[in-house]
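Close look at the chain arrangement
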Amino acid sequence: MKSHFGYVHSAFSAVLVISFLLLTSCNNQAPNRGGGAGVLSGDVASQVYVAPGEYDEFYAFMSGGFSGQVTVHGLPSGRLFKTIPVFSVDGEKGYGFNEETKPMLNTSHGFVPWDDSHHPELSQTNGETDGRWLFINGNNTPRIARIDLTTFETVEIIEIPNSGGNHSSPFTTMNTEYVVAGTRFSVPYPQRDVAIDSYAENFKGVLSYIKVGKDGEMEIAFQILLPAFDYDLAHSGKGKSHGWTFFTSYNTEQKNSLLEVAASQNDKDFIAAVNWKKAEEYIKQGKFKEVPAKYAHNVYNEKTHTATSTMMKKVKVLTPADCPGLVYFLPTPKSPHGVDVDPTGEYIVGNGKLSANLTVHSFSKMQKAIENKAFEKEIEGVPVLKFEEVLAGVVEEPGLGPLHTEFDNNGNAYTSFFISSEVVKWKVGTWEVLDRTPTYYSIGHLCVPGGDSQKPQGKYLMALNKITKDRYLPTGPELCHAAQLYDISGDKMKLLLDFPTMGEPHYAQAISADRIVPNIKKFYPLEENEHPYRALGEKETKVVREGNTVHVYMTTIRSHFAPDNIEGVKVGDKVYFHVTNLEQDWDVPHGFAVLGANNAELLIMGGQTETFFWEPKQEGVIPFYCTDFCSALHQEMQGYVRVSPKGSNTPIKWGLGEDEFFQ
Amino acid sequence: MKILHLITASLFAFAFFACQQSAPEANTAANGSAASDAGHKKGQADVQDPSSKKNILQIAIGSKDHTTLVAAVQAAELENVLVNAGPLTVFAPTNEAFAALPDGTVDNLLKPENKKLLARLIKFHAAPGKYTKALLKDGQRLFMASGHYVNVEKKGDDIYVDGGKIIGTVEASNGLVHVVDKVMLLPELKK
């Protein structure tokens, strides 16, 4: 029997225990390890919580890095909506496998099934992201792709000739007049068999300007021949600096081996400032050389649902020595990586990755220095401006290893520091450090919605981290890369969320959803389908043999293929299934797969025609089926192809239900 | 022990409130102008998509001859079924067909207590699959979503399903609508 006191005592302990438990359970809603617990306050989970059925406020387009693709996430939730295949084949969508998209991956080196995608860049109008297109560069086999943001599909890829790695790309101008492509690895110009150690003599660094037409179509307008440095990143001017682009460079030492050491010797490398409006004048005056160049230009046609690849043969080249005022070098300490222009267009931030300080140049001072010919020297026809004459200011000892800077709409800048794993917020103009926050771990790029445009949308900042170590449940030697979301609406940055990303998220751009959602396409109108092998109704379906090639004109609609029984195919034939999805309804793709085919599936959107190539190698009766759970009778959506021996007399015959047809 | 219970209960209540509290505020902060009536959404029938081909429900709603059927579908809360991926073939009796039923039948079916029966009656008018007129054969037994089979008859060019004549056909994104001139009566309603 317990005393009265005993009861009170146990009641009190129970309350303590329960309070503790409840407190813990409340805290459990928020991440509570890996350094997060001390940073996160209680309500952060709700700040990124998007209730079931509700929409995220922003789209985030993340580079898929060495996956070669782009992923689409929502912010603030971090939810993944779609992987857009760009530079790499994708079995899930049949991209690069079906006949229509194979030409998208054609290059001057033939079909290349993979690349390393780096910097997504949204199109802009009047310096503001407009939601029309997303551009992204392929680094390995130099290319730029354009994604249509009404369909979220890659619709164009252009190869960049005379380039050895397309890293400083695509970075648009204010009205998407151009996207750019600076070579990371200088290569012999023209490309040829020379000794590697003849680098300084035979190699060149080429910057390319790709004109973007009113429907987004890309064309290489001109290339500029520069000294053989490594051109790393770029940003075009805006406002007062509209008409210029700034490219960082490293390896101004011009070394070709052990760059880790050899390319870090010079006290300063350069930012190349290119006056592209001047370049346009020189082109008009005919001051270019047209040189042979082989590069692929691949365009997807939404009416024929087919890509074509055209091999281009020439490119216009400008040489600074012949074009005064075209390019200037701005000395910038220690291997600058990112170069970022603030929303006013006045300040050009050189993120010297080995520099102790952050260097900021002034566009007005640069103009004055050019006017006053305040040149230190000239390299291959390019005047080097005097450092002090262009310097606006320095952010003193902000952190270690600055890589990139983005801006908000309140005059603040945010710089990522790889080595010290942090984001540092500083004031543009006073260069004063306002806040710093750790990232987990080793941040590369960072992203504020509209953060490289003239009108940043602010609100959030995403850190794109290269290393995650112990941040997530481990998955063997290979761990996910990750993004971290910060609230930047207050004076202090506040960590809200970690989420994994695909491949390495080199860079990301975000845009408010209202700039994209109203223009989304829900399906392709059948009446606009101009595919040469379309079948716009079941009456148009047929099977046609031409020699040892068999064309199947097939349709899909819930829940059958027409035809679904095919005979007369023989071992060794080349069979093309041209499948038109007759659905005119949102979110009803059909899939198509054939047992044993050395191919991926088709995934056909409503109104679209896609072609599946198959070379049957064995006789038998081969099933095919719909791979996308389309309807209540999806499991019934199947068919058979009879494969007869080579040389047999089985006639071409096809059917659906009771209907049978012969060729 | 009572004290303990009381304290525990109030603590739970308090903590629950404290945990929950932050969610609504944050919703508004995070989502801005995005649709915020998730709780009131009924289902796929609420999807706003004016550009796609019309589904069975949209076709029925758009027909002035099918207001009774639409009212019945709404009373039975079967809207989401008629917009789902399907494929479904719906035999849609006209207002006139409903009016031909004995007096008071429709009113009686629309009563809340008869919701289940009404739902069964509507499912009795829907066949899973897409049965074009060409696929409906004389003497065929057609399986309906209610679990019953009905008879198909062919007289000349005309097709009758459970005695109702098909007087028109509309293709839907998720199946077919055959307009019929008779309400097909569930066996239990024939009594």
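See above for the structure.
A brief look at the structure comes next. (Residues numbered from 1 in each chain as written. Chains lettered and ligands numbered in written order. Predicted model: local features only at pLDDT ≥ 70, side-chain atom pairs only at ≥ 80, totals over all residues. Heavy atoms only, no water.)

**What about the overall build of chain B?**
Looking only at helices and strands, chain B has eight helices and seven strands in total. When burial is assessed residue by residue, chain B has 41% of its 191 residues classed as buried. In chain B, once contacts between residues fewer than 6 apart in sequence are set aside, the share between residues at least 24 apart is 63%. As displayed, chain B has an accessible area near 10,700 Å², and 57% of this comes from carbon and sulfur atoms. (Helix = DSSP H or I, 4+ residues; strand = E, 2+ residues; numbered from the N terminus. Buried < 20%, exposed > 50% of the residue type's maximum accessible area, 1.4 Å probe, protein only. Contact = heavy atoms within 4.5 Å. Areas by Shrake-Rupley, 256 points an atom, 1.4 Å probe, with all protein chains shown as cover.)

**What to know about a nonpolar patch on the surface**
A cluster of nonpolar side chains, namely L400, F418, I419 and I467 of chain A, defines an oily patch on the protein surface of about 340 Å² accessible area. Within the fold, I467 of chain A resides in the loop between strand 32 (460-465) and strand 33 (481-487). (Patch = residues over 30% accessible without salt bridge, like charges linked within 9 Å, V, L, I, M, F, W, Y side chains within 5 Å. Salt bridge = Lys/Arg side-chain N within 4 Å of Asp/Glu carboxyl O.)

**So, the packing of aromatic side chains**
The description of an aromatic ring pair uses the distance of the two centres, along with the angle that the planes make with each other. All names here are of chain A. Applying the stated criterion across every chain yields a total of 34 aromatic pairs over all chains. Seen from their ring centres, F592 and F612 are 5.3 Å apart, and the 85° between their planes marks the pair as edge-to-face. Remark: F612 occurs in strand 43 (residues 609-614) and F592 occurs in strand 41 (residues 590-594); sequence separation between them is 20 residues. By relative accessible area, which is 0% here, F592 ends up buried. We classify F612 as buried; its relative accessible area is 1%. Clustering of aromatic rings is evident, with ring pairs tying together F561, F577, F592, F612, W614 and F624. (Phe/Tyr/Trp six-rings, centres within 6.5 Å; stacked < 30°, edge-to-face > 60°.)

**Re helix 7 (residues 115-123) of chain B**
All names here are of chain B. Of the positions making up helix 7, those classed as buried are L118, A119, L121 and I122. All buried residues of helix 7 project into a common sector of 160° when viewed along the axis, lining one side. In this structure, the buried residues of helix 7 make contact with helix 3 (67-75), helix 6 (105-109), strand 2 (126-128) and helix 8 (187-190). (Arc of directions from axis to C-beta.)

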